[in-house]
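# Structural characterization, general
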Amino acid sequence: MSEDCLFCKIVNKEIPSTIVYEDEDILAFKDINPVAPVHILIIPKKHIPTITDITDDDFELIGRMHAVAGKIARDAGIFEDGFRLVNNCRSHGGQVIYHLHFHLLGGKNLGGI
Ligand code: AMP
Ligand code: ZN
């Protein structure tokens with residue numbers, strides 16, 4: 001828990017969110033400002049600021065977050081057509097919230113990078 005972290009507050013239910021998946025270590029909720037028909041954020045409950053702050057202890061967690069992305073995609077009906085999983089890292093990567101999160105995007109053809 002980091003005191004002034006928005007996503008820690010969402011984890012602690014101090015700020016409401018539309019949760020689509022939750023387990024002991026992972027939370028997924030709808031992005032408040034979707035850029036695709038399906039736009040879900042997948043976060044660890046543990047406060048990890050960026051993808052570069054992942055340690056050896058987090059490897060299983062990060063792996064499970066990817067498995068959860070597939071499950072959510074299936075539940076959201078975008079599994080067959082496919083989707084994009086994005087991490088924005090630091091300023092040039094466009095990261096605004098410094099609590100690790102993957103954007104799960106789909107529901108339309110997103111084209112190539
Ligand atoms: P990033 O730019 O990768 O740090 O992405 C942060 C994302 O968090 C953006 O897509 C925002 O729309 C989203 N966001 C910000 N506040 C909230 C909130 N209260 N509930 C859900 N999503 C949020
Ligand atoms: Zn946090």
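Here the structure is shown first, and the text comes after it.
Summary of the structure given here. (Residues numbered from 1 in each chain as written. Chains lettered and ligands numbered in written order. Predicted model: local features only at pLDDT ≥ 70, side-chain atom pairs only at ≥ 80, totals over all residues. Heavy atoms only, no water.)

## Remarks on the side chain of D23
Under the convention used in this document: Per the convention used, a helix needs a DSSP run of H or I reaching at least four residues, while a strand needs a run of E reaching at least two, with both numbered from the N terminus. Nitrogen and oxygen atoms within 3.5 Å of one another constitute a polar contact, given that in protein one can donate a hydrogen and the other can accept it, and given that sequence-neighbouring residues count only through two side-chain atoms. Contacts are assigned to residue pairs that have any heavy atoms within 4.5 Å of one another.
You can see D23 is positioned in the loop between β1 (19-22) and β2 (26-30). Separated by 2.8 Å, the side chain of D23 and the backbone nitrogen of I26 make a polar contact. Apart from the residues lying within four places of it in its own chain, the contact partners of D23 are K45 and R64.

## A look at the nonpolar core
For clarity, the cut-off: Put simply, a nonpolar core is a bunch of buried Ala, Val, Leu, Ile, Met, Phe, Trp, Tyr and Cys residues held in one set by side-chain atoms that sit within 4.5 Å of each other. For each residue, the accessible area found with a 1.4 Å probe, counting protein chains only, is set against the maximum for its type, and the residue is called buried under 20%, exposed over 50%, and partly exposed in between.
By size, the foremost hydrophobic cluster in this structure holds 18 residues, and its most contacted members are I26, I40, I42, M65 and I72. The element that contributes the greatest number of residues to this core is helix α2 (residues 59-75), accounting for seven residues. Every residue in contact with I26, bar those within four places of it in the chain, is listed here: Y21, I42, I43, K45, L61, R64, M65 and V68. In terms of nonpolar packing, the next biggest core, distinct from the first, is built from nine residues, F7, L27, F29 and L41 among them.

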